[in-house]
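# Overview (structure and organization)
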Amino acid sequence: MKIIPFYRNERQLIQKAINGNREAQKVLYTQHAPKMLSVCRQYIKDIHFAEDVMIQGFVKMFKHLDTFKFEGSFEGWVRRIMIRESISFLRKQQFVVYDDEVYEDNQSNSSELVSDLDTEHIQRLIDALPQGYKMVFLMYTIEGYKHQEIAKMLDIAESTSKSQLFKARKMLQEQLQEQNIIGYGTR
């Protein structure tokens, strides 16, 4: 069976979605939902909450779709919405704490030997970080934001962003060393 694309290009698809075409909106959602759920899941540990935030992000995206200026990638624009929605959710839940204490994760299994890091294992290590460390780490290393941008988005000092990143990296390196995974994340 040969699949014929319903829309020839993304710009046409977005324009139809802006004009209220439900099929175009469905196609946009179907195309981007898996990646955007992954983005939300990076920030929010519970998959059910991550799904809720993703759906809220898509509602916001469709509501403001007419503000997309076709400058840069559409996926990047949607991704930024999902990141902001994730941050908003975490703030409302009061899960984010920015302080100078280093927390221990009592649930980590230091006797586990892992020879190959898979995505799920890496996600568990990142999930074990305190929420403030995790948010700054993801925004800096995964999303590519600069400390000044992170500080503005999270309403923290730029030096706090740098400190949180340093501490997050240190905690991840310690976790990897405890699990006998030497060499990952060190320079």
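Residues numbered from 1 in each chain as written. Predicted model: local features only at pLDDT ≥ 70, side-chain atom pairs only at ≥ 80, totals over all residues. Heavy atoms only, no water.

### Thoughts on the packing of helix α2 (residues 22–43) against helix α4 (residues 74–93)
- Packing of α2 against α4 leaves a shortest axis separation of 9 Å and a crossing angle of 40 degrees. The angle between α2 and α4 places the two elements in the oblique class. In this structure, the crossing between α2 and α4 has a hand that is right-handed. Counting all contacts with α2, which are made through L28, H32, K35, M36, V39, C40, Q42 and Y43, the residues of α4 involved are F74, E75, V78, R79, M82, I83, S86 and L90.
- When its residues are assigned to classes, the contact of α2 with α4 shows 10 nonpolar, three polar and three charged. (Axes fitted to C-alpha atoms, helices over the stretch in contact; angles between N-to-C directions. Helix = DSSP H or I, 4+ residues; strand = E, 2+ residues; numbered from the N terminus. Parallel < 35°, antiparallel > 145°, perpendicular 65-115°, else oblique. Left-handed = near helix turned anticlockwise from the far one by under 90°. Contact = heavy atoms within 4.5 Å. Nonpolar A, V, L, I, M, F, W, Y, C, P; charged D, E, K, R; others polar.)

### Remarks on the side chain of K134
- Along the chain, the position of K134 falls in helix α6 (residues 131–142).
- Here K134 is in contact with Q42, Y43, I44, K45, I126, D127 and L129, once residues within four sequence places are set aside.

### A word on the nonpolar core
- Core analysis: the biggest nonpolar cluster contains 48 residues, and Y43, F74 and M139 have the highest contact counts within it.
- Elements that contribute at least two residues to this core include exactly α1 (10–18), α2, α3 (47–63), α4, α5 (119–127), α6, α7 (147–154) and α8 (158–178).
- Considering every element that reaches this core, the biggest residue donor is α4, with nine residues.
- The residue makeup of this core includes at least three contributed by each of domain 1 (1–102) and domain 2 (109–186). (Core = buried A, V, L, I, M, F, W, Y, C linked by side-chain atoms within 4.5 Å. Buried < 20%, exposed > 50% of the residue type's maximum accessible area, 1.4 Å probe, protein only. Domains from an automatic or database assignment.)

### Notes on the packing of α3 against α4
- α4 packs onto α3 with a crossing angle of 125 degrees between their chain directions and a minimal axis gap of 9 Å. Between α3 and α4, the angle is such that the two are oblique. Between α3 and α4 lies a crossing of right-handed hand. Mapping the contact onto sequence places F49, V53, M54, Q56, G57, F58, K60 and M61 in α3 and F74, W77, V78, I81, M82, E85, S86 and F89 in α4.

### Observations regarding α2
- Between its terminal C-alpha atoms α2 stretches 29 Å, which fits the 32 Å expected from 22 residues at 1.5 Å a residue.
- Considering bend angle alone, the principal kink of α2 is centred on A33 and spans about 50 degrees; proline P34 follows within four residues of it.
- Every buried residue of α2 is accounted for by A24, Q25, V27, L28, H32, A33, M36, V39, C40, R41, Q42 and Y43.
- On its buried face, α2 sits against α1, α3, α4, α5 and α6.
- Among the residues of α2, the N-terminal cap falls to N21, whose side-chain oxygen and the backbone nitrogen of E23 are separated by 2.9 Å. (Expected span 1.5 Å × (residues − 1). Bend = angle between axes of the 7 residues up to and from the residue. Polar contact = N/O pair within 3.5 Å; in protein donor to acceptor, adjacent residues only side chain to side chain.)

### Quick look at the packing of aromatic side chains
- All chains considered together, the criterion is met by seven aromatic pairs.
- Ring geometry for F68 against F74: centres 5.1 Å apart, planes inclined by 80 degrees, an arrangement best described as edge-to-face. Neither F68 nor F74 differs from the other in exposure class; each is buried.
- These aromatic residues form a ring-pair network of at least three members: F68, F70, F74 and W77.
- Over the ring of F70 we find R11; its NZ or CZ atom is 4.2 Å from the centre of that ring. (Phe/Tyr/Trp six-rings, centres within 6.5 Å; stacked < 30°, edge-to-face > 60°. Lys NZ or Arg CZ within 6 Å of the ring centre and 35° of its normal.)

### Digging into the pattern of salt bridges
- Evaluation of the coordinates by the stated rule reveals six salt bridges.
- Salt-bridge contacts for E85 lead to K60; the nearest nitrogen and oxygen are separated by 2.7 Å. With a gap of 25 residues between them, E85 in helix α4 and K60 in helix α3 connect regions that are remote in the sequence.
- Accessibility expressed as a relative area gives 38% for K60, which makes it partly exposed.
- Of the charged contacts in the structure, one is a salt bridge between R79 and E143, with a shortest N-O distance of 2.6 Å. Of this pair, R79 sits in helix α4 while E143 sits in the loop between α6 and α7, placing them 64 residues apart in sequence.
- Residue R79 is classed as partly exposed on the basis of its relative accessible area, which comes to 22%.
- Through salt bridges that share partners, R41, D127 and K134 make up one connected network. (Salt bridge = Lys/Arg side-chain N within 4 Å of Asp/Glu carboxyl O.)

Taken by themselves, the reported measurements are silent on function.
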